[in-house]
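What follows is the residue order along each chain.
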Amino acid sequence: MIIVSAGHVDHGKTALIQALTGTDTTHLPEEKKRGMTIDLGYAYLPLADGRTLGFIDVPGHERFLSNMLAGLGGVEYAMLVVAADEGIKPQTDEHLTLLKLLDFKRIMLVISKADKADAAQIAQLQQTLFQRYPFLADQGGGKSAVFVTSAVSGQGIAALKNHLAALDTKPMADKPFRYAIDRTFHIKGAGKVVTGTAFGGQVAIDDKLFLSRQLKQEIRVKNIHAQNQQAARGSAGQRLALNLAGVDQSVIERGDWLFSHDQAYGSERITVLVKPNTGLKISQAIHLYHAASHITAKLTLLQTPQSAQSQSAVCLAEVILQYPLFLAFGDKLILRSGDNKQTLAGATVLEINSPTRYKRNQARLDYLWQLANSDSSEQRLGYYLAQGCLVQSAVCWTEQLSEPHFRQLQQRLGFSTFHHYVFSQDYRQRQQQRLLQAMQLYHQQHSDQLGVSKARLQRMACLKQPVGLIYQLIDELLNGAQLAQTRGWIHLPDHKIELSAEEQQLWQRVEAEFLAAQGQALWVRDLAKALAIEESVMRNFLYKAGKLGYLTAVIKDRFFLSETVYAYADRIKQHIARHGGISVNELRDQLQFGRKMTVQLIEYFDKCGFLWRKGDVHLLRDGDIFENA
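Criteria and cut-off values
- Residues numbered from 1 in each chain as written.
- Predicted model: local features only at pLDDT ≥ 70, side-chain atom pairs only at ≥ 80, totals over all residues.
- Heavy atoms only, no water.
- Phe/Tyr/Trp six-rings, centres within 6.5 Å; stacked < 30°, edge-to-face > 60°.
- Helix = DSSP H or I, 4+ residues; strand = E, 2+ residues; numbered from the N terminus.
- Buried < 20%, exposed > 50% of the residue type's maximum accessible area, 1.4 Å probe, protein only.
- Lys NZ or Arg CZ within 6 Å of the ring centre and 35° of its normal.
- Pairing = 2+ DSSP bridges.
- Contact = heavy atoms within 4.5 Å.
- Axes fitted to C-alpha atoms, helices over the stretch in contact; angles between N-to-C directions.
- Salt bridge = Lys/Arg side-chain N within 4 Å of Asp/Glu carboxyl O.
- Core = buried A, V, L, I, M, F, W, Y, C linked by side-chain atoms within 4.5 Å.

Visitor: Explanation requested: the packing of aromatic side chains in the structure shown.
Guide: Enumeration according to the criterion identifies 19 aromatic pairs in this entry. Where W489 meets F626, the ring centres are 5.5 Å apart and the plane angle is 90 degrees; that geometry is what we call edge-to-face. Taken together, the positions of W489 in strand β26 (residues 489-491) and F626 in the segment after β31 (617-620) put the pair 137 residues apart, joining distant regions of the chain. Comparing W489 with F626 shows no difference in burial state: the two are buried. The rings of W489, Y566, Y604, F605, F610 and F626 are connected pair by pair, giving a single aromatic cluster. For the cation-ring pair, R525 lies above W523, with the distance from its terminal atom to the ring centre recorded as 4.8 Å.

Visitor: Looking at this structure, I do not really get the sheet that holds strand β28 (residues 551-555). What am I missing?
Guide: Within a beta sheet, neighbouring strands are joined by backbone hydrogen bonds and run either parallel or antiparallel to one another. Strand order across the open sheet formed by 3 strands is β27-β29-β28, with antiparallel pairing between neighbours. The open sheet has two edge strands, β27 (522-523) and β28, and neither has a second partner. Across the sheet, helix α15 (residues 501-517) lies against β27, β28 and β29 (558-561), angled at about 85 degrees from β29, the strand it touches most. Packing against the sheet, helix α18 (residues 562-579) makes contact with β28 and β29, and its axis sits at approximately 75 degrees to β29.

Visitor: Sorry if this is basic, but what is going on with the pattern of salt bridges here?
Guide: Opposite charge on two side chains lets them pair, provided their charged atoms get close. Tallied over the full model, the rule gives 22 salt bridges. Note that R220 is salt-bridged to D206, the shortest N-O span being 2.9 Å. Within this pair, whereas R220 is found in strand β11 (residues 214-226), its partner D206 is found in the loop between β9 (202-204) and β10 (208-211), the two being separated by 14 residues in sequence. Judged by its relative accessible area of 32%, R220 falls in the partly exposed class. The partly exposed category is assigned to D206, whose relative accessible area is 45%. Here E403 makes a salt bridge to R407, at a shortest N to O gap of 2.8 Å. Within this pair, E403 and its partner R407 are both found in helix α11 (residues 403-413), separated by 4 residues, close to a single helical turn.

Visitor: Even after reading the chapter, I still don't get the nonpolar core, so can you show me in this structure?
Guide: The nonpolar side chains of soluble globular proteins are, as a tendency, buried together. The biggest cluster of nonpolar side chains holds 33 residues, and the ones touching the most others in it are L299, V319 and L333. Counting residues per element, the ones that place at least two in this core are β15 (257-259), β16 (267-276), β17 (283-290), β18 (293-301), β19 (315-325), β20 (332-337) and β21 (343-352).

Visitor: I tried to follow the pairing of strand β1 (residues 2-7) on my own but got confused; where do I start?
Guide: Sheet faces and side chains relate simply in a regular strand, where the side chains alternate between the two faces. With 6 of 6 residues buried, β1 lies mostly within the body of the structure. Two strands pair when backbone bridges link them, and β1 and strand β3 (residues 52-57) are joined in this way by 4 bridges, in the parallel orientation. Bridge pairing in β3 links I2 to G54. The pairing of β1 with strand β4 (residues 77-83) spans 5 bridges and is parallel. Bridging across to β4, A6 finds its partner in L80.

Visitor: What am I meant to see in unusual backbone geometry here?
Guide: Only a minority of non-glycine residues have a phi that is not negative, and only a minority of peptide bonds are not trans. Positive phi outside glycine occurs at A291, with the angle close to 50 degrees. Mapping A291 onto the fold places it in the loop between β17 and β18. Note on A291: relative accessible area 10%, which makes it buried. A positive phi angle, near 55 degrees, is found at H419, a position not held by glycine. One can find H419 in the loop between β23 (416-418) and β24 (421-423).

The quantities given are spatial measurements derived from coordinates; they are silent on function.
See below:
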């Protein structure tokens, strides 16, 4: 567990931590020379139960604000240090504002330098703090704890130490490993070393990790220091130094991340819950801080100007980032003005890779407020599933779920998975109903056709849904006899046509003409003339035979025997298997057709979903259509 100390410059933060731990956190020569903390300082306190408390001594000077903010990532507890003899100062107010905006779990008030003030002065300071900052009266369900201390006399140090040791630690070790890098350096004989805070999960020596900027390259952990001690394993909430192998030392920079898997999602457009510190514009340039990252961004409020301008009201906003950051649900951000001189707000990440359209409709705003008011991954997953089909790796990243945790949620919520997709029973029913309705409408509008290909049905009914998943749902309908398939064509089970006895006799005569044509297509008018039948009667009969699958009309009034079309389709599949695709000229040479007939045939294959055209080449789209003729 890590605890941050904040407060005005020269109010005794470093001396307090030294009194608690015995470590002087002013580690840089410039800091010792000037008597103030410039960079982040770290110290550690081993406890009797085997745990080690880590302390971050953040700089108190405004010039070093970015370093101070880097120290707040992944930390839940804070000590606000106020000198008894000086009281509230500018950085006291600014640091406390930042702690409030970042929703720290508990803020403890530490009155330092008690040896330099009398009891009345100290009591007045406490009263002033609670009057000026009312939110301190409701920290973790109660009033902020107050400790009166002196690093010189040792007053209050033991009581503070006991209180810190009893703080609850949030169970984050069961999550995937996620580690924010804030320093990188090279140690002679050891190699590349990075330091930072583990936001979640665990890491052990010889584990393989992935760098945010090179997600496909494995990095091996050679050695670990956790909370300043040699360790075989590091856990969430600890300050870790990792000795790495397998990466160029010039590649890793401050602000990078290490993950236990390569399924990480960077985001340039996010939705956040904003807690304003001042009035906000509808749209403005900002500086955004997250862990050790500091970038520029654009903030756009998603609510009405009237409700958004209130300093006290939280609101929803979209943030477009200068470049992608690896954010997850619940991550805390600090937003500062475009000139970086004023803290505008704190923010909590609600959504990554936010949509670019329909951002302000009421249904979407209601959904975002559901996320904002949720209190568990299980609850939010229910909200996600109500929006539609999900990608499992994206869900696990957003919620920082391990594979076992994801499976536990699946058992409790009863959702389904197919390959890498996640969807609810309601989603399955909605999509399958659309498929059945689309098929019914198709039969009404195209009574001369036996059915459609699987690919065409997917485009007709569920165009914007994942193709592979919709194919699976079609297969489920086929297995349940809600759809039927004849020679590869999908249709409703009751969509059947039979020839009468008289029509059976006519079919024998028509079939003989096709056989005599030796694989050529025939026109309605030519068959009508050859068999001395009125052309309109012949046309109606041929289309009826087409419904039964005996014939295939490649264009209006021009038919092939269906078994011939299947034979041609098989030759095309064999050609594509060998060469990757087929052109009109290649098909013409195989079939010995004229170019016009070849174009008509291959365009029919494109239209029905068997092939699709890419430039001058036609590729296989759905090989199931012309199977089992």
